[in-house]
Amino acid sequence: MLHRKQIKGVVVKEPGIVEIRDDILLPAMADYDVLCKNLAGALCTGTDLSIILGKNNNICYPTILGHESVGRVVAVGKKVSNFKIGDIVTSPRILNITDSKYHSNWGGLCEYGVASDYKKMADDGYEGCLEMYYCNQVVPEGINIADAVMSITWSEIYAYLDRIDLKANDQILILGSGSVALSFLAMLRQRNIQVCIVGNRRHLARFEQLDCSEFIDYADCQATQRLRMKKKSFFDCIIDAVGDKNSVEYYLETLKDKGKLCLYGLKDGKLYEYFKSKANHRICLIDESYSVKNSYRKVFEMIRERKLCWEHWCDKTYELADIKKAIEDIKNKEVMKILFYFPVKKD
């Protein structure tokens, strides 16, 4: 039986200040929960980096960071039936903190986290919303830890693409060249959908390796203007994978009449009417919402078939103690995705 000991984790003390703290309370378990010892995690350039830089006004500091992690089950709640000791599980986290000096934004970059048996909760008639627990999935045998960590992002992208329902031979414009944009490209090419990327030329080789049809350097003004002129009303869908309002507006005229404008990166509902007012034709606006309940199974299949492989996204891995160096590398665009391994030690 594990007691409420203190554990290590990554804490954003205040915007711009990130520390490894060793006084975080071991997360408490409920009846449907399992306690996981985290093995690895990733730093998200969207949510996590915005918290680090203080760009999210809804965050209370100091806060425990991380929402992409994988851990091994070490303790099981009395009502759990779909997890067992030794299982590798996606997205253990620290939620609902009431007895800590820290807030938590998923809290995945800690030594331990909690996952929940949503299937048993549903079987027992749980009346609340289960969506937040669908990310807790058992990783099948034969899938390595790095791919398991990446499966969290890939499952989100897969679920989103299922929702927007694109067709083979559609023409897609993706704005962005980070790990989310690369994930969109990987999924779309497997569906035989043509993809043009507008992004940072530093990542060109990664996108060419995954067979984008065209890559436009966002900093090349002549190239971006040619794209707008030659492909006016050309694309069936524009996917915002970077969260930049000006970029979306700049390329809006390349979208076909009744084309889909997918605001995956922009999460401000007020912008929906704004873009409708700026378009000179009819557009179908799609927000960033999705459900991952059924997407993990398909993603795990693609990993097994080597259609998805973490090495395409990550140049190198870091130890958790190297968090400050990792953050600087990703801020300076030295790396696309940061993957951490947790120290291995006995309880």
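As shown above, the structure is provided for reference.
Residues numbered from 1 in each chain as written. Predicted model: local features only at pLDDT ≥ 70, side-chain atom pairs only at ≥ 80, totals over all residues. Heavy atoms only, no water.

A.B. asks: Residues and numbers for the nonpolar core, please.
C.D. replies: Of all hydrophobic cores here, the largest spans 62 residues; its most connected members are Ile174, Phe184, Ile239 and Trp313. Per element, the largest residue contribution to this core is 12 residues, and it comes from helix H3 (residues 145–164). Every residue in contact with phenylalanine 184, bar those within four places of it in the chain, is listed here: Ile157, Tyr160, Leu161, Ile174, Ile239, Ala241 and Tyr264. (Core = buried A, V, L, I, M, F, W, Y, C linked by side-chain atoms within 4.5 Å. Buried < 20%, exposed > 50% of the residue type's maximum accessible area, 1.4 Å probe, protein only. Helix = DSSP H or I, 4+ residues; strand = E, 2+ residues; numbered from the N terminus. Contact = heavy atoms within 4.5 Å.)

A.B. asks: Explain the sheet that holds strand S7 (residues 103–104) to me, using residue names and the numbers behind them.
C.D. replies: With mixed pairing, 4 strands are arranged side by side in an open sheet as S2-S1-S4-S7. A single partner strand is all that each edge strand has here, and the edge strands are strand S2 (17–25) and S7. (Pairing = 2+ DSSP bridges.)

A.B. asks: So, the pattern of salt bridges: which residues are in play, and what are the values?
C.D. replies: One pass over the full model with this rule turns up 21 salt bridges. The shortest N-O distance in the salt bridge between arginine 191 and aspartate 162 comes to 3.5 Å. Taken together, the residues span a long stretch of sequence, with arginine 191 in the loop between helix H4 (179–190) and strand S10 (194–199) and aspartate 162 in helix H3 at a distance of 29 residues. With relative accessibility at 26%, the residue arginine 191 sits in the partly exposed group. In this structure, glutamate 301 engages arginine 297 in a salt bridge whose closest nitrogen and oxygen atoms are separated by 3.1 Å. Here arginine 297 and glutamate 301 lie together in helix H9 (residues 295–304), a separation of 4 residues that amounts to about one turn. A relative accessible area of 31% means that glutamate 301 is categorised as partly exposed. Under the relative-accessibility criterion, arginine 297 is labelled exposed at 57%. Sharing partners across several salt bridges, the network here consists of Arg297, Lys298 and Glu301. (Salt bridge = Lys/Arg side-chain N within 4 Å of Asp/Glu carboxyl O.)

A.B. asks: With reference to specific residues and values, describe the packing of H3 against H4.
C.D. replies: Running from N to C, H3 and H4 point in directions that differ by 60°, and their axes come no closer than 10 Å. With respect to H4, the axis of H3 lies oblique. Where H3 crosses over H4, the two elements pack in a sense that is right-handed. Side by side, H3 and H4 meet where Thr153, Trp154, Ile157, Tyr158, Tyr160 and Leu161 of the first sit next to Val180, Ser183, Phe184, Met187 and Leu188 of the second. When the residues that make up the contact of H3 with H4 are grouped by side-chain class, the tally is 9 nonpolar, 2 polar and no charged. (Axes fitted to C-alpha atoms, helices over the stretch in contact; angles between N-to-C directions. Parallel < 35°, antiparallel > 145°, perpendicular 65-115°, else oblique. Left-handed = near helix turned anticlockwise from the far one by under 90°. Nonpolar A, V, L, I, M, F, W, Y, C, P; charged D, E, K, R; others polar.)

A.B. asks: So what about the packing of aromatic side chains? Which residues, and what values?
C.D. replies: Evaluated as defined, the whole model comprises 13 aromatic pairs. Relative to tyrosine 290, the ring of tyrosine 160 has its centre 6.5 Å away and its plane inclined at 85°; by these criteria the two rings are edge-to-face. Of this pair, tyrosine 160 sits in helix H3 while tyrosine 290 is found in the loop between strand S14 (283–286) and H9, placing the two residues 130 residues apart along the sequence. The exposure class of tyrosine 290 is partly exposed, given its relative accessible area of 28%. The positively charged end of arginine 191 is found above the aromatic ring belonging to tyrosine 158, 5.1 Å away from the centroid. The ring centre of tyrosine 250 lies 3.9 Å from the NZ or CZ of arginine 228, which sits over that ring. (Phe/Tyr/Trp six-rings, centres within 6.5 Å; stacked < 30°, edge-to-face > 60°. Lys NZ or Arg CZ within 6 Å of the ring centre and 35° of its normal.)

That's the geometry; what it means functionally is another story.
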